[in-house]
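Survey of secondary and tertiary structure
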Amino acid sequence: MKKILLLFAIVIALLGIASVVYLFTQPNTDGPQATKGVMDLRHYTFRDNAPIKLDGEWEFIPNQLVDSSMFDTYESYVVDVPSIWTNYTVDGQELPSFASGTFRLKILISDYEEILGVKTSTIRMSNTLYINGKRIGQSGEPAEDSGYIPHNTPYTAYFSPNQQELELLLHVANFDYVPGGGIVSSLFLGGQMSIMKLREAALFYDLVTMAAFLTMFIYFLGSYLYSRLGIEQLYFALFCFAGALYTLTHGEKLLLTLIDMGYAPFQNLQMISSVFVGFFILLYFYRALPKYMNRQIVRILSIIGVALMLIAMLPASINSYLQSINSLYIFANIVYIFYAQIMAIYKHATGVMYLTLSSVAIFLYFIVATFNTHISLELNALPPLLPFICLTMLSLYISHRFADSYLEKGKLTEALIRVDKLKDEFLAKTSHEFRTPLHGIMAISQSMLTSTKKASLTVEQKEQVSLMFNISERLSHLVNDILDFSKLKENELTLRITTVDLFAVTHMIVGVLSYTLSKDVKIINRIKRGHFVQADEDRLRQILYNLLHNAVKYTNKGQIEISCYEEQSFVTIQVKDTGCGIAPEDLKVIFKSFQQLEHSVAGTGLGLHVTKELVERQGGKIDVESTVGKGTSFFVTLPKGQSSSEELPMRSPQIYEQPFLSFPQIVEKTGMKRILIVDDDAVNLKVLLDILTQENYSIIAIDDGQQVFNYLTQYPDIDLLILDIMMPNISGYEICQHIRKNYTSTELPILMLTAALRPEDMVAAFQSGANDFLHKPLDIIELKTRVRNLILLKDSAEAAITMESAFLQAQIKPHFVYNVLNSILSLSYLDLEQARAMITNFAIFLRSSFSFENTNSLVPLKKELDLIQAYVNIHQTRFPAQLQLDIQVDEEITSSLIPPLLLQPLVENALIHGLKKKKEDGKLSIHIEKQQQQIIFTISDNGIGIEQEQLEHIFTEDAMRSQSVALRNIAKRLKKYEHASITINSTVNQGTTVIIRFPILYSLKE
């Protein structure tokens, strides 16, 4: 009995909601109304006002489609619009569902000079609209019999009234839709802009609603396909798809604008989409709330839904009978869903309130949609927020379920951790037990294989014993791996104590931190070469990195110093900072695990604890001194080590005997790519030499990083630099940083090598300018591949530069040629001598410009001056009063060699960009003089100048500054010559001066 009362209360509540929605979304009847086929709008201004609904009493002629000239010859009736015409009474009888007719409304206006528009909505099932006898719009093709073409689609139409009385004539026909035809929804009349806005608002409502449903469809479908955890996700995805399909086929019927299709299948989609909505929302809640929904009721409703979907696929003349049943089916499903949700709320189910609120949003949306189908109510009467409310509520519901699931999984995780710990202990103990018998098997099998007794094994037996030995050896490696894994989980570290060069380690760490530092803090390494400690190199680097990183973290401004001093058989490393310091009470607990101070910057409190453990396990100790506000000093004491030169005499010479290597070593191969290798380890250099020599490269191998710059000057054609990071006196980072000041990454690729494995080393290498990075020990195939790729990178860049240079050497613009030829043609009629002179200069200019020498070749200075003179002569002939040229050059240097087109582009820039706006008094001076072993080229003009901002970026690679391409090309070519340079000085509206310095070069013949 309680359940029946609860269900009854739900039905009453939903009906109440529907009534409220209906009352609040009823059309406003306070506006103008048509009376007896006439609407007086002479007091209404269309320009700045909203559109008018053409509601009220229209004239109607049943079963006839007549034009305006014949309308008055037929008997007409006054009917209410909007309404279905089955509500009309003609001669005492109701108009049948399948019929046709002509509607007319006369509209009196005063703004007849305005462009007006009409918007239709739902007119079943086809219509044609006429204004003053002129057809302005239609949907389908109405006819007086069933031969009409249905196509009930909203549209807008615009017209110029040109008179104060409008006659709106509408032909309507319906021979398919059983509930009846006619003007079901209001027509709107308004100004052009207001009608456009009305149409856009309706489209916006449909698009937003469709987007909301499609978003949910994609999300839940993707979630289901990914996890396959719950079929309810699939049902909800299909419900969202049905909602999107419903939106596409109702309202403004966007589907017909997106896809060209007949109206019969479209009408089937309309009917199916409404049934889909009710069907899949029922299945979703049945799976989401299975405890509160009766399986038999769900099965009956599902069977009804399938039957309705099958009927919806029949022609409209049949399936439209069930339109009311479709709405009733959706309503019944929602009522039952609300019942199940209230029961779930009563039982305190997780997150069910969110489902209830989402159902209310869905219910309101489809109540409005039902009203749109059955009565004169626009689908966009409510804001397009309901789909988003539904999405939000369902997201909260899912997150609620995920939270409960997460807590449950947390409990299971704790149980699994306990089991995992027991498993690790079992593996460790079992592995220890395996090790002894495995070693016994290996020893016995190896003894049998190496036995020299007469009763030796046969070949087949040796193969079997050998196989047994190999298998046991593999098992032994597996046991060792399991033991190492267990030790790592138990922090049982394995240390490899060797003699470590303290300078090399600290130099590299300081370099890494310096490049990654983003504070106003300077790190100073005061450790000199010659200090060695006994330690695990990787762990020592970890210790120093932790201390330095900690110092950087607590030092906002100042400096950090790392130094060392020796005391008897120990070396003490000091890391001193000028940071905030540590309070005395905190110094006692700073090395404890998970201990953080009040002013700690992030972290977990394990860094210093791990550092202390690593130091002590290597036979050392760590101390700290600190003063609040002044800084902190950490002291790491480790056993002193011996240098490699001191160790060699104590070791067997047979083990360390190596072939004599002297550096530099140069391997010349004519025509091959040249590689410079730099490493302070002779063995590494020998390995690289052997590998790369086999690849037919010319090799220069040196063991001193400070000599890199000398060899780059001596061999300017080096294609690749292979550089070790850790070297004495100067690190690979510093070398790379200095090289990048003169060479780009494409002009000289750099491949850096190191034995370090920390990510910070790689970051520092790339920040210092390296192209690529390789870890030691090197993989030969990887090394060869990366070397080949870097050389190909340089070749590609050089090819691009060559093409750019060739383009600049022949950058004769078609417009320039056209103007010169026109000038020659004009002069041929006025001054034949001037025309001949201009032809001569033009020929000289063309011949010099089309001389495609190699970009690295040189030409005599006199040839460049002839080209400039020819170009200037052409300009002066065309514009006699615009330019004064002054060329001053020492005759003794006219035979010196310079790169081709070094000066002419500068002269052209001065004329085109600098003096372009000067109609007269333009001055261009070229001064060429010798200073010691250089030629100084000074090109000055009194043009418009260059702004300072543009001047600062004129040599950059900014592709948007196309006018600086020639200057950038000249600057690039000058970099190939020692002591060559270019500078530009400019003042806006005063002029520009370009100064080029170039070494004096002469031909070998001279």
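So, how was this worked out
- Residues numbered from 1 in each chain as written.
- Predicted model: local features only at pLDDT ≥ 70, side-chain atom pairs only at ≥ 80, totals over all residues.
- Heavy atoms only, no water.
- Buried < 20%, exposed > 50% of the residue type's maximum accessible area, 1.4 Å probe, protein only.
- Helix = DSSP H or I, 4+ residues; strand = E, 2+ residues; numbered from the N terminus.
- Arc of directions from axis to C-beta.
- Pairing = 2+ DSSP bridges.
- Axes fitted to C-alpha atoms, helices over the stretch in contact; angles between N-to-C directions.
- Core = buried A, V, L, I, M, F, W, Y, C linked by side-chain atoms within 4.5 Å.
- Phe/Tyr/Trp six-rings, centres within 6.5 Å; stacked < 30°, edge-to-face > 60°.
- Polar contact = N/O pair within 3.5 Å; in protein donor to acceptor, adjacent residues only side chain to side chain.
- Contact = heavy atoms within 4.5 Å.

As a further point, take helix H20 (residues 732-739). Regarding H20, the residues found buried are Gly732, Tyr733, Ile735, Cys736 and Ile739. Down the axis of H20, the buried side of the element spans an arc of 165°, and every buried residue falls inside it.

Now for the sheet that holds strand E34 (residues 981-987). Across the sheet, which stays open at both edges, the five strands sit in the order E30-E32-E33-E35-E34 with mixed pairing between neighbours. If you trace the sheet from one side to the other, it starts and ends with strand E30 (883-889) and E34, each paired once. Here the strands of the sheet are splayed against their neighbours by 10° on average, with no regard to which way each runs.

A separate point is the pairing of strand E3 (residues 56-62). Among the seven residues in E3, six count as buried, and that is most of the element. As defined by bridge partners, E3 adjoins strand E7 (residues 99-109) across four bridges and the pair is classed as antiparallel. Within E7, the residue paired with proline 62 across the bridge is glycine 101.

A few words now on the nonpolar core. One finds Phe236, Phe239, Phe285 and Met293 to be the most contacted residues of the largest nonpolar core, which totals 55 residues. Elements supplying a minimum of two residues to this core: helix H2 (192-227), helix H3 (231-249), helix H4 (254-258), helix H5 (263-288), helix H6 (295-312), helix H8 (323-346), helix H9 (352-374) and helix H10 (386-449).

It is worth spelling out the packing of aromatic side chains at this point. Tallied over the full model, the rule gives 19 aromatic pairs. Arranged with centres 5.4 Å apart and planes meeting at 45°, the rings of phenylalanine 217 and phenylalanine 241 form a pair that is tilted. With a gap of 24 residues between them, phenylalanine 217 in helix H2 and phenylalanine 241 in helix H3 connect regions that are remote in the sequence. With relative accessibility at 36%, the residue phenylalanine 241 sits in the partly exposed group. An aromatic cluster of three or more residues is present, and its members are Phe213, Tyr219, Phe220, Phe236, Phe239, Tyr284 and Phe285.

Following valine 81, the chain continues into proline 82 via a peptide bond in cis, with omega recorded as 5°. Among the secondary structure elements, proline 82 is positioned in the loop between strand E4 (77-81) and strand E5 (89-90). Following arginine 124, the chain continues into methionine 125 via a peptide bond in cis, with omega recorded as -15°. Tracing the chain through its elements places methionine 125 in the loop between strand E9 (123-124) and strand E10 (126-131). For lysine 253, which is not glycine, the phi dihedral falls at a positive 55°. Along the chain, lysine 253 turns up in the loop between H3 and H4.

This next bit is on the side chain of asparagine 319. With respect to the secondary-structure elements, asparagine 319 resides in helix H7 (residues 316-319). You can call asparagine 319 buried: its relative accessible area is 1%. At a separation of 3.2 Å, a polar atom in the side chain of asparagine 319 contacts the side chain of glutamine 267. Among all residues touching asparagine 319, those that are not within four sequence positions of it are Gln267, Asn268, Met271, Ile311, Ala312 and Leu314.

Strand order in the open sheet made by the six strands is E23-E25-E24-E26-E27-E28, with mixed pairing throughout. Strand pairing shows two members of the sheet lacking a second neighbour, strand E23 (665-667) and strand E28 (772-775), which therefore form its edges. Here the average twist between neighbouring strands, direction ignored, is 15°. The pairing of strand E27 (residues 750-754) with E28 spans four bridges and is classified as parallel. Pairing of threonine 754 across the sheet is with histidine 775, part of E28. Of the strands in this sheet, strand E26 (720-724) and E27 touch H20, which is tilted by about 150° from E26.

Without other data, these values stay purely geometric and don't point to any function.
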